[in-house]
Amino acid sequence: DTTVKQNPRYKLARVGKPVNLICSQTMNHDTMYWYQKKPNQAPKLLLFYYDKILNREADTFEKFQSSRPNNSFCSLYIGSAGLEYSAMYLCASKRWGYEQYFGPGTRLTVL
Amino acid sequence: QQKVQQSPESLIVPEGGMASLNCTSSDRNVDYFWWYRQHSGKSPKMLMSIFSNGEKEEGRFTVHLNKASLHTSLHIRDSQPSDSALYLCAARDYNQGKLIFGQGTKLSIKP
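Residues numbered from 1 in each chain as written. Chains lettered and ligands numbered in written order. Predicted model: local features only at pLDDT ≥ 70, side-chain atom pairs only at ≥ 80, totals over all residues. Heavy atoms only, no water.

### Some remarks on the pattern of salt bridges
Residue and element names in this part refer to chain B.
Right, so step 1: One pass over the full model with this rule turns up eight salt bridges over all chains.
Right, so step 2: With a closest N to O distance of 3.8 Å, D27 and K3 form a salt bridge. Of this pair, D27 sits in the loop between β3 (19–25) and β4 (30–38) while K3 sits in the segment before β1 (4–7), and the two are 24 residues apart along the sequence.
Right, so step 3: For D27, a relative accessible area of 11% gives the class buried.
Right, so step 4: The shortest N-O distance in the salt bridge between R92 and D31 comes to 2.7 Å. (Salt bridge = Lys/Arg side-chain N within 4 Å of Asp/Glu carboxyl O. Helix = DSSP H or I, 4+ residues; strand = E, 2+ residues; numbered from the N terminus. Buried < 20%, exposed > 50% of the residue type's maximum accessible area, 1.4 Å probe, protein only.)

The following block contains the structure:
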């Protein structure tokens, strides 16, 4: 099974409120990624976990948090959503050196 | 400035025709390339990968890589309506071990 699951698929949030997105995989992949994708733009890497080590991109360092309580789960947390956070959030996972498998995405709309 | 540039942004090809998509990295710290296909409302799925100079063919799909110019191209022969999708090119930054995505080429196959 090469499935990456994401919950919820759609999320509506108010400006200033927190948002928590969930990703899971049962492939025993050591690395899990979170990307932000806006229309007509490239997927933008936000952060990734290699095993238990979190790596956050410099330009999004303060905007996103994450946790990985075990190998299968990874969350993306936004403490205070702004309008600019409206986007598709894609989770992906891989074993070292192999292709990334993507989940179906969570479409976040901030109002 | 986008580090991985794809062209064209959109492409319309008649059914049965040849579709040619291009991708170039301006970041010299890349080595491997992947092509992902994303159908509307679905997650990106890896289509082909290429790690060495030259050409690789899988069915109707052929990918080329020129490592000196960091240019890769994807060619789809006998295009089918089911090939209509967003095609994303990704290059691996070997220093940081992460993928850098292009903004994608939207391919439409007209019956």
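Following the structure, the description resumes.
### What to know about the interface of chain A and chain B
Right, so step 1: Chain A puts 17 residues into the contact, and the matching count from chain B is 17 residues.
Right, so step 2: Taken together, the two surfaces of chain A and chain B that pack against each other cover about 1300 Å², and 60% of this comes from carbon and sulfur.
Right, so step 3: Among the residues of chain A in contact with chain B, A:A42, A:E99 and A:F102 are the three that bury the most area, contributing 32% of the side total.
Right, so step 4: At the boundary of chain A and chain B, one finds one salt bridge.
Right, so step 5: As a salt-bridge pair, B:K98 and A:E57 come within 2.5 Å of each other at their nearest N and O atoms.
Right, so step 6: Counting the contacts that link chain A with chain B gives two residue pairs in polar contact (both at pLDDT 80 or more).
Right, so step 7: Secondary-structure elements contributing two or more residues to the side of chain A that touches chain B are β4 (31–37) and β5 (44–50) of chain A.
Right, so step 8: Here the side of chain A that touches chain B gets three residues from one element, more than from any other, and that element is β4(A).
Right, so step 9: Considering only residue class, the side of chain A that touches chain B consists of nine nonpolar, four polar and four charged. (Contact = heavy atoms within 4.5 Å. Buried area = accessible area lost by both parts, 1.4 Å probe. Polar contact = N/O pair within 3.5 Å; in protein donor to acceptor, adjacent residues only side chain to side chain. Nonpolar A, V, L, I, M, F, W, Y, C, P; charged D, E, K, R; others polar.)

### Some thoughts on the environment of B:E15
Residue and element names in this part refer to chain B.
Right, so step 1: In this fold, E15 is placed in the loop between β2 (10–14) and β3.
Right, so step 2: Taking the C-alpha atoms as reference points, E15 and S82, separated by 67 residues in sequence, lie 9.9 Å from one another.
Right, so step 3: Apart from residues lying up to four places away in sequence, E15 is in contact with S79, Q80, P81, I109, K110 and P111.

Any functional reading would require information that these geometric values do not contain.
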